[in-house]
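Secondary and tertiary structure notes
Residue-level listing of the chains:
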Amino acid sequence: MPGPLEGVRVVELGVWVAGPGAGGILADWGADVIKIEPRTGDPARQFAGMLGGDLPFNPPFELDNRGKRGIVVDLAVPAGHAIAMRLIDDADVFVTNVRLAALARLGLDPEPLTARNPELVYAAITGYGLTGPERERAAYDIGAFWARAGIAHMLTAPGGVPPFQRGGMGDHTVAMTAAGAVCAALVSRDRTGRGQVVSTSLLRQGAYTVGFDLNTALRFGVPIATATRTTIKNPVVSCYQDCDGRWFWLLGRWSGPSGSTTRGSRPARLAGATAPSSSGCSTRSSPHGRATRGARRSIVRTCGERRSTRSTRCWPTSRWLPPAPSSRSPTRAARQR
């Protein structure tokens, strides 16, 4: 089935993950994406070897380069550069995460390309932005996104070791942002007839990822507390471990201001009724038929802690939650093996 970007041609000059990831998303949405690679290939082609593989396939590279056409071009020679320029002249979008200084040396920075093709949407993914003292600084997501934005710090318990970042976490989220920016610029071009430069960065994406904490700290004027199981006061966002070592979270929506609940909102019904004493979750409801905020938290905390002594495989869900008026699975617990 054709995607919403059918008929849109994208030229991608991307390396590793972030730029190719954006191109892959645009291809998913129906764009015709042409990937330019140097004679040595996108360095992401080395992932298979880096991961210890010696096979004719490369899962990380395949993930971000799905649905594209490709061409090998030596941009350092006049003939190769001319081929790239012809491709960009015919394109609607140019996507890149190559460093700005290298793009400028090749004449592929925003100014000459948008002057040559005023309808072009130029999407740049950088480490630290298009302006400022670090605009030329090389960046990987583990540096700009994970470390510099403070994500690693916020996820590290006091005195503990920072958690391991999974591959491409920052790159893939910034790729999605870039793809969205491209679509917005295409909508603007339909109205004005002119393209524009759109950009995002790994640092910006990281700051937005922890924006809940950052904005709260700035507005309240308090330091950001490092979250641990002992410092999280709201049990609804805490986690519990059963006797088999599996971790689980209790999910759901609570009653609305008028006391009404959304169909299938089992924690809301749990909060609004007295659960059977066999579950260890009994509590009194408020006079209006729903638990107060403190009672709701007490219910979830008690259920979580009591359930922690048993295996999630053996939860008699029907004994601790009222029956759901739908055919969906009766449990709302998210389990992690």
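Values in this document were obtained by computation on a predicted structure and should not be read as measured data.

**Quick look at the packing of helix α7 (residues 141–148) against helix α9 (residues 169–192)**
Look at α7 against α9: their axes get within 8 Å of each other, and the N-to-C directions meet at 90°. With respect to α9, the axis of α7 lies roughly perpendicular. Here D141, F145 and W146 of α7 come into contact with α9, specifically with M169, G170, D171 and T173. Looking at side-chain class alone, the contact of α7 with α9 contains three nonpolar, two polar and two charged residues.

**Brief notes about the sheet that holds strand β3 (residues 69–72)**
If you trace the six strands from one edge of the open sheet to the other, you get β3-β2-β1-β4-β5-β6, paired in parallel fashion. Of all the strands in the sheet, the pair left with one neighbour each is β3 and β6 (197–201). The sheet shows a mean angle of 20° between the axes of neighbouring strands, taken without regard to direction. In this sheet, β3 lies alongside strand β2 (residues 32–37) in parallel orientation, the contact comprising four bridges. Considered in β3, the bridge of E37 is made with V72. Against the sheet, helix α4 (residues 78–89) makes contact with β1 (9–13), β2, β3 and β4 (93–96), and its axis sits at roughly 160° relative to β2, the strand it touches most.

**Thoughts on the pairing of strand β5 (residues 121–126)**
Burial runs high along β5: six of the six residues are buried. The alternating pattern of β5 places V121, A123 and I125 on one face and Y122, A124 and T126 on the opposite face, and all of these are buried. By the bridge criterion, four bridges tie β4 to β5 in an arrangement that is parallel. When the sheet's bridge partners are listed, F94 is paired in β5 with Y122.

**Section: the confidence of the model for the protein**
For the protein, mean pLDDT is 81; residues scoring 70 or higher make up 69% of the total. When the criterion is pLDDT under 50, residues 259–265 qualifies, and its contacts beyond four places in sequence or with other chains add up to 13 contacts.

**Quick notes on the pairing of β4**
The two faces of β4 match: V93 and V95 on one face and F94 and T96 on the other face are all buried. The sheet contact formed by β1 and β4 spans four bridges and is parallel. Among the inter-strand pairings, L13 is bridged to a residue of β4, identified as T96.

**Focus: the packing of aromatic side chains**
In the structure shown here, the tally under the stated rule is three aromatic pairs. When the ring of W16 is compared with that of F47, the centres are 5.4 Å apart and the planes differ by 65°; the resulting orientation is edge-to-face. Here F47 lies in helix α2 (residues 47–50) and W16 lies in the loop between β1 and α1 (18–28), a separation of 31 residues in the sequence. Seen in terms of ring centroids, W16 and Y140 are 6.3 Å apart; in terms of plane orientation they differ by 70°. Their pairing is edge-to-face. Placement of the pair is W16 in the loop between β1 and α1 and Y140 in the loop between β5 and α7, with a sequence separation of 124 residues. Since its relative accessible area comes to 23%, W16 is described here as partly exposed.

**Overview of the packing of α1 against α9**
Remark: α1 packs on α9, axes separated minimally by 8 Å, with the N-to-C direction vectors making an angle of 50°. Here α1 lies oblique to α9, going by the angle between them. Between α1 and α9 lies a crossing of right-handed hand. Of the residues in α9, those in contact with A18, G21, A22, I25 and L26 of α1 are D171, V174, A175, M176, A178, A179 and V182.

The rules behind each value
- Residues numbered from 1 in each chain as written.
- Predicted model: local features only at pLDDT ≥ 70, side-chain atom pairs only at ≥ 80, totals over all residues.
- Heavy atoms only, no water.
- Axes fitted to C-alpha atoms, helices over the stretch in contact; angles between N-to-C directions.
- Helix = DSSP H or I, 4+ residues; strand = E, 2+ residues; numbered from the N terminus.
- Parallel < 35°, antiparallel > 145°, perpendicular 65-115°, else oblique.
- Contact = heavy atoms within 4.5 Å.
- Nonpolar A, V, L, I, M, F, W, Y, C, P; charged D, E, K, R; others polar.
- Pairing = 2+ DSSP bridges.
- Buried < 20%, exposed > 50% of the residue type's maximum accessible area, 1.4 Å probe, protein only.
- pLDDT = per-residue confidence, 0-100.
- Phe/Tyr/Trp six-rings, centres within 6.5 Å; stacked < 30°, edge-to-face > 60°.
- Left-handed = near helix turned anticlockwise from the far one by under 90°.

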